[in-house]
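# Residue-level structure breakdown
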Amino acid sequence: MSQHSILHTLAPQLRQQFAEQTQVMTFPSGQVLFNPGERCQGLPLVLSGVVKVQMTGFGYRAEANVEDEAEVIMVPRPLFDRLMDQSDGFRQGIMESYGCRLDDLMLLVEEVAFRRMDERLNEWLQARAERSPLLITHQDLAIELGTAREVVSRLLKELERKNQVRLARGRIDIL
């Protein structure tokens with residue numbers, strides 16, 4: 001059975017049920033794990049790689065996309081409900097994980113409210129400079145930064161004018 005830190009909290013009987021009812025799946029970069037409005041089939045526990053969950057609009061509609069190839073244990077909903085009900089350690093681990101995500105969300109809200117967009121864009125680009133070229137549209141980048149496409153396009157054009165980036169359709173080369 002693949003290892004995830006939260007599995008160590010399970011009693012032997014629950015760990016056995018977990019092993020019998022789950023499987024490790026590998027998803028390539030770009031794979032969509034779920035789309036807005038789809039019924040939740042279970043909990044993905046990420047073992048490696050990066051899975052990004054983002055809201056796509058009002059009403060808490062979200063989608064999950066694999067950014068870097070990911071190994072994931074898919075926990076079916078009935079098993080997840082049983083583990084939440086029967087394992088204090090599992091429940092506490094899930095709540096701690098959600099608490100961390102809430103902290104991240106509050107930091108993002110603070111950034112959107114109080115930091116200049118050009119600073120945020122520069123920081124985002126610098127964090128990904130070694131992966132250049134970046135295959136991302138202005139619209140997707142705007143969603144990532146919590147702003148309008150027009151704002152991102154204007155700021156990127158300014159960076160291009162300063163020879164800091166080169167722009168092409170769906171692509172940003174960091175110079």
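A brief structural summary. These figures come from a predicted structure and were not determined experimentally.

## Things to note about the environment of D118
Inspection of the secondary structure puts D118 in helix α4 (residues 117–127). Judged by relative accessible area, D118 falls into the partly exposed class, the value being 27%. Counting along the chain gives 36 residues from D118 to R154, while the straight-line C-alpha distance between them is 9.9 Å.

## Brief notes about the side chain of E63
Of note, E63 is situated in strand β4 (residues 62–76). For E63, which is buried and forms no salt bridge, the nearest opposite charge comes from K52, at a distance of 7.6 Å.

## Here we look at the environment of I6
Note on placement: I6 falls in the segment before α1 (12–21). C-alpha of I6 to C-alpha of T22: the two residues are 16 residues apart in sequence and 14 Å apart in space. Look past the residues within four positions of I6 in its chain and what remains in contact with it is L45, F90, G93 and I94.

## Topic: the pairing of β4
Pairing geometry for strand β1 (residues 23–27) and β4, over 5 bridges, is antiparallel. Across the sheet, the residue bridging to M25 is V72, located in β4. Where strand β2 (residues 32–34) lies against β4, 2 bridges are found, and the strand directions are antiparallel. Bridge pairing links V32 to N65 in β4. Relative to β4, strand β3 (residues 42–55) runs antiparallel, the two being bridged by 12 bridges. Along β4, the bridge assignment pairs V51 with V66.

Analysis parameters
- Residues numbered from 1 in each chain as written.
- Predicted model: local features only at pLDDT ≥ 70, side-chain atom pairs only at ≥ 80, totals over all residues.
- Heavy atoms only, no water.
- Helix = DSSP H or I, 4+ residues; strand = E, 2+ residues; numbered from the N terminus.
- Buried < 20%, exposed > 50% of the residue type's maximum accessible area, 1.4 Å probe, protein only.
- Lys, Arg positive; Asp, Glu negative; His and termini not counted.
- Salt bridge = Lys/Arg side-chain N within 4 Å of Asp/Glu carboxyl O.
- Contact = heavy atoms within 4.5 Å.
- Pairing = 2+ DSSP bridges.

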